[in-house]
Amino acid sequence: MKNSLETAAVLIETLPYIQDFYGKTVVIKYGGNAMINNELKNSVIQDITLLKYVGMRPIVVHGGGPEITSVLNKFGKKTEFISGLRVTDEETVSIAEMVLVGKINTEIVNLLNQHGSKAVGLSGKDANLILAKKHFAEVHENGRVSMVDIGFVGEVESINTNILNTLIDSDYIPVIAPIGVGKNGESYNINADYVAGEVAGALGAEKLLMLTDVEGIYRDYQDKSSFISSLSLEEAQQMIAQGRIGGGMIPKVETCIKALQGGTGKTHIIDGRQPHSILLEIFTSQGIGTQVVK
Ligand SMILES: NC(=[NH2+])NCCC[C@H](N)C(=O)O
């Protein structure tokens with residue numbers, strides 16, 4: 001048990017961060033284990049609620065990959081991936097939209113509201129929040145690169161910051177499902193990491209936090225003792241170019257780089273398997289994950 005002086009020290013360590021981040025926008029990419037495990041889910045929801053109540057302006061962008069796959073299986077649809085991207089026909093995108101918007105999004109909104117926040121769920125279709133266009137898969141074969149049409153997989157063309165600012169100015173927490181809308185009203189499934197980066201960049205957010213299922217970035221991704229607490233944008237770019245970032249982490253690190261270039265103050269890759277990783281990263285000086293900074 002901590003004695004009362006130790007408890008006070010923990011609380012007072014948060015003061016500079018509460019002061020610095022008061023009134024600032026923080027985008028949280030919520031995915032992975034922290035979305036499946038109930039205990040972790042509650043800790044994330046509590047953390048976001050705390051951020052809100054100490055005066056920050058949180059925005060949540062969530063994923064839903066595994067749940068989409070399991071519902072697709074129930075419908076008897078096989079999932080094929082090309083270069084890590086799900087081949088998405090019209091039926092697949094409508095199932096993805098149903099799961100992301102109808103189920104996962106409303107569940108997060110509901111949990112936040114149960115904890116005393118005012119959360120509002122949005123998909124990219126609400127007020128044209130996420131205008132999207134088709135994203136082609138890059139396939140490398142026999143030293144040649146080709147662009148393959150994989151259906152309704154999208155990339156962000158623009159973010160309607162006006163609707164987000166309207167909501168956060170009125171104290172709501174926007175919760176965004178990564179479904180984009182095309183010129184003709186068609187739906188696109190978009191990688192939630194990229195959506196979070198685009199939202200953070202477009203809003204010039206103070207922070208982008210990405211919850212993952214790893215501790216953070218390693219100097220050598222096969223050596224768990226080479227954990228990096230802080231990384232510059234240039235170092236991150238070099239590490240990608242030199243192939244020193246493991247496959248699954250590349251979109252996350254690329255997202256951090258893009259967000260920083262777009263005007264986000266700081267980005268953080270943190271371990272969503274660790275309860276309260278959001279608080280530990282934001283309100284302590286050493287943090288818990290890897291920060292990527294300008
Ligand atoms: N991984 C790290 N080194 N994190 C440090 C975080 C510092 C501070 N709490 C912030 O949010 O800006």
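The numbers attached to residues start from 1 for each chain and follow its sequence in the written order. The predicted nature of this model means local features are confined to residues of pLDDT at least 70 and side-chain atom pairs, given and counted, to a pLDDT of 80 or more, with totals for whole chains, interfaces and linings taken over all residues. The side-chain quantities take in all heavy atoms of the structure and omit both hydrogens and water.

For the chain, the name recorded in an unreviewed UniProt entry is Acetylglutamate kinase, with Pelosinus propionicus DSM 13327 as its organism. UniProt positions are given in the numbering used here, feature names are shortened, and annotations may be inferred rather than shown by experiment. Per its UniProt entry, the chain bears the Sequence similarities (unreviewed entry) comment "Belongs to the acetylglutamate kinase family. ArgB subfamily."

Draft legend 1. Region of interest: the UniProt feature "binding site: substrate" (unreviewed entry) in the chain. Per the UniProt entry, the sites bearing "binding site: substrate" (unreviewed entry) are Gly64, Gly65, Arg86 and Asn189 in this numbering. Taken along the chain, the residues just named run across 126 residues; in space they keep tight, none of their C-alpha pairs more than 12.6 Å apart. A run of H or I in DSSP becomes a helix once it reaches four residues, and a run of E becomes a strand once it reaches two; helices and strands are each numbered from the N terminus. Among the structural elements, Gly64 can be located in the loop between strand 2 (57-62) and helix 5 (65-74). Given the relative accessible area of 11%, Gly64 is considered buried. Sequence-distant contacts of Gly64, defined by excluding residues within four places in its chain, comprise Met35, Leu100 and Ile104. Tracing the backbone shows Gly65 in helix 5. Burial classes: relative accessible area under 20% of the type maximum marks a residue as buried, over 50% as exposed, and values in between as partly exposed (1.4 Å probe, protein chains only). What makes Gly65 partly exposed here is its relative accessible area of 31%. Two residues qualify as a contact provided that any one of their heavy atoms is within 4.5 Å of a heavy atom in the partner residue.

Draft legend 2. Geometry of the site of the ligand. Think of it this way: one heavy atom of a residue within 4 Å of a molecule or strand is enough to make that residue near it. Close to the ligand lie 14 residues; Lys266, Glu281, Ile282, Thr284 and Gly289 are nearest. In protein, a polar contact means a hydrogen-donor-capable atom and an acceptor-capable atom, both N or O and within 3.5 Å, with residues adjacent in sequence counting only if both atoms are side-chain atoms; elsewhere, any N or O pair within 3.5 Å suffices. Separating a nitrogen atom of the ligand from a backbone N or O atom of Gln286 is a distance of 3.4 Å. Protein contacts shield 94% of the accessible area of the ligand, which totals 350 Å² for the unbound molecule. Within the residue set of the shell around the ligand, elements represented by two or more residues are helix 2 (15-21), strand 17 (266-271) and helix 11 (277-282). Polarity classes work like this: nonpolar for Ala, Val, Leu, Ile, Met, Phe, Trp, Tyr, Cys and Pro, charged for Asp, Glu, Lys and Arg, and polar for all others, with Gly in that last group. Of the residues that constitute the shell around the ligand, the class distribution is three nonpolar, eight polar and three charged. Areas reported as accessible are Shrake-Rupley estimates using a 1.4 Å probe. Residue values count occlusion only from the protein chains shown.

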